[in-house]
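Examination of the molecular architecture
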Amino acid sequence: MLKKTLGLAIIASVAFAGQAYARDQIQIVGSSTVFPFATTVAEEFGSKGQFKTPVVESTGSGGGLKLFCAGLGEQTPDITNASRRIKKSEVEKCAAAGVTDITEVKVGFDGIVLANSKAAAPVELSKKQVFMALAKQVPVNGELVDNPYKTWKDIDPSLPDTRIEVLGPPPTSGTRDAFVELAMEGGAKKFDMLKALRKSDKKAFKAIAHTVREDGAFIEAGENDNLIVNKLVANPAALGIFGFSFLDQNADRIQGGVIGGVAPTFENISSGDYGISRSLYFYVKNAHVGKTPGLQEFIVEFTSEDAFGEYGYLTDKGLIPLSAEDREKIRNDATSLTNLKMM
């Protein structure tokens, strides 16, 4: 199998090397959460006049990695953004298609928020209540049953007597991946029977903790987080799931819910106190550096202190910066195109 993979990689690389490379503009796909940050960097980069402004598309983390790993050449993207780390299976798919040299760039942190319209009362939930509201199956009287909860009050008498209605991202989204892992799995661990199941059968536990209900309480709203924001404004009874940056940019219209007693603020996410936060990345196809004009220079711009630094222009967009030490290491690895290593 390894010989076959290496053979395909060599064939793809040779074919790519012999192509006439016509594209003169960086192509970027991937995460809707990283999209506003990448777009801001692209606009800043293009405004300097040396290279064309990169084209940035929001396809979701999973969708972006699928396009990125399809092969080499001008018909495939140079960079993909991701609101989760690339999976080992995706690295293997990349390699099978000839994409063997990839540079991983962690750009900062983001919190995942459960937000609602400012026209409604603020939301305050525990991770356990989030799991009870959104899981397909939940424990009731020691048995696992299809989710019976229709209103928030059904879950806890202290919660509002309103229908559970949560707008969120599809399975292709890194935000969805992170939300089920950090929020729902965290809530599932609060049940003794599921905590015991996790010890005896981790795979079965994850299937329960990560499976979202499909009876209308959770509504897939696509990869466009701005659309979710608009729907929350139109429907004050609903909640929405998206990255902190969208809350930050729409703070005049929506408010972030308090989860586990902690509000989703810049300070709480950067300190690690807010319990639903994750790292953000972009991945570079190293074989395209030197072929797509400006690709190396774009990496330099994105990892500059002016961009992703503590007081960089991306913090104005809601990016939570890494430590100075981490930024220095990431900058060095990124600009030297250090190849990705999966631990």
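Per an unreviewed UniProt entry, the protein chain is named Substrate-binding domain-containing protein, and its organism is Sneathiella marina.

With that out of the way, let us pick up a positive patch on the surface. On the surface, a cluster of positive charge is contributed by Lys66, Lys87, Lys93, Lys189, Lys190, Lys195, Arg198, Lys199, Lys202 and Lys206. Those elements that provide at least two residues to the positive patch are helix H8 (192-200) and helix H9 (202-210). Tracing the sequence through the fold places lysine 202 in helix H9.

The tendency in soluble globular proteins is for nonpolar side chains to be buried side by side. Counting residues in hydrophobic clusters, the biggest one holds 52 residues, and the most contacted among them are Phe179 and Phe242. With six residues, the top contributor of residues to this core is helix H7 (residues 174-188). In this structure, phenylalanine 242 is in contact with Gly111, Ile112, Val113, Ala115, Thr175, Asp225, Ile228, Val229, Leu232, Leu247 and Ile254, ignoring residues within four places of it in sequence. Ranked by size, the runner-up nonpolar core spans 29 residues in total, among them Phe37, Val289, Phe308 and Leu322.

The next subject is the state of the cysteines. Counted by the stated rule, this structure contains one disulfide. Residue cysteine 69 pairs covalently with cysteine 94 via a disulfide, S to S 1.9 Å. Its S-S torsion of approximately -70° makes the covalent link between cysteine 69 and cysteine 94 left-handed. Linking cysteine 69 in the loop between helix H3 (61-68) and strand E3 (79-82) with cysteine 94 in helix H4 (residues 88-96), this pair joins segments that are 25 residues apart in sequence.

Attention shifts here to the environment of lysine 153. Structurally, lysine 153 is set in helix H6 (residues 152-155). What makes lysine 153 partly exposed here is its relative accessible area of 42%. With eleven residues separating them along the chain, lysine 153 and isoleucine 164 place their C-alpha atoms 9.2 Å apart. Non-local contacts of lysine 153, meaning those with residues more than four positions away in its chain, are made with Leu159, Pro160 and Asp161.

With their axes 9 Å apart at the nearest point, H7 and H9 run at an angle of 105° to one another. Between H7 and H9, the interaxial angle falls into the category roughly perpendicular. Contacts between H7 and H9 involve Val180, Glu181, Met184, Glu185 and Ala188 from the former and Phe205, Lys206, Ala209 and His210 from the latter. Considering only residue class, the contact of H7 with H9 consists of five nonpolar, one polar and three charged.

Our next topic: the pattern of salt bridges. On inspection of all chains with the given rule, the structure shows 15 salt bridges. Among the ionic pairs, arginine 84 bridges to glutamate 90, the shortest N-O distance being 2.7 Å. Look at glutamate 90 and you get buried, because its relative accessible area is 12%. For glutamate 328, the salt bridge goes to arginine 331, with nearest N and O atoms at 2.9 Å. Of this pair, glutamate 328 and arginine 331 both sit in helix H15 (residues 324-335), three residues apart, roughly one helical turn. Residue class for arginine 331 comes out buried when judged on its relative accessible area of 16%. Within this structure, Glu305, Arg327, Glu328 and Arg331 form a network of salt bridges that share partners.

Within the secondary structure, valine 113 sits in strand E4 (residues 102-117). Once the C-alpha coordinates of valine 113 and phenylalanine 218 are considered, the two residues, 105 residues apart in sequence, prove to be 15 Å apart. Not counting chain neighbours up to four residues away, the residues in contact with valine 113 comprise Gly240, Ile241, Phe242, Gly243, Phe244, Leu247, Pro264 and Tyr274.

Conventions and cut-offs
Residues numbered from 1 in each chain as written. Predicted model: local features only at pLDDT ≥ 70, side-chain atom pairs only at ≥ 80, totals over all residues. Heavy atoms only, no water. Patch = residues over 30% accessible without salt bridge, like charges linked within 9 Å, V, L, I, M, F, W, Y side chains within 5 Å. Areas by Shrake-Rupley, 256 points an atom, 1.4 Å probe, with all protein chains shown as cover. Salt bridge = Lys/Arg side-chain N within 4 Å of Asp/Glu carboxyl O. Lys, Arg positive; Asp, Glu negative; His and termini not counted. Charge placed at Lys NZ, Arg CZ, Asp CG, Glu CD. Helix = DSSP H or I, 4+ residues; strand = E, 2+ residues; numbered from the N terminus. Core = buried A, V, L, I, M, F, W, Y, C linked by side-chain atoms within 4.5 Å. Buried < 20%, exposed > 50% of the residue type's maximum accessible area, 1.4 Å probe, protein only. Contact = heavy atoms within 4.5 Å. Disulfide = S-S within 2.5 Å. Axes fitted to C-alpha atoms, helices over the stretch in contact; angles between N-to-C directions. Parallel < 35°, antiparallel > 145°, perpendicular 65-115°, else oblique. Nonpolar A, V, L, I, M, F, W, Y, C, P; charged D, E, K, R; others polar.

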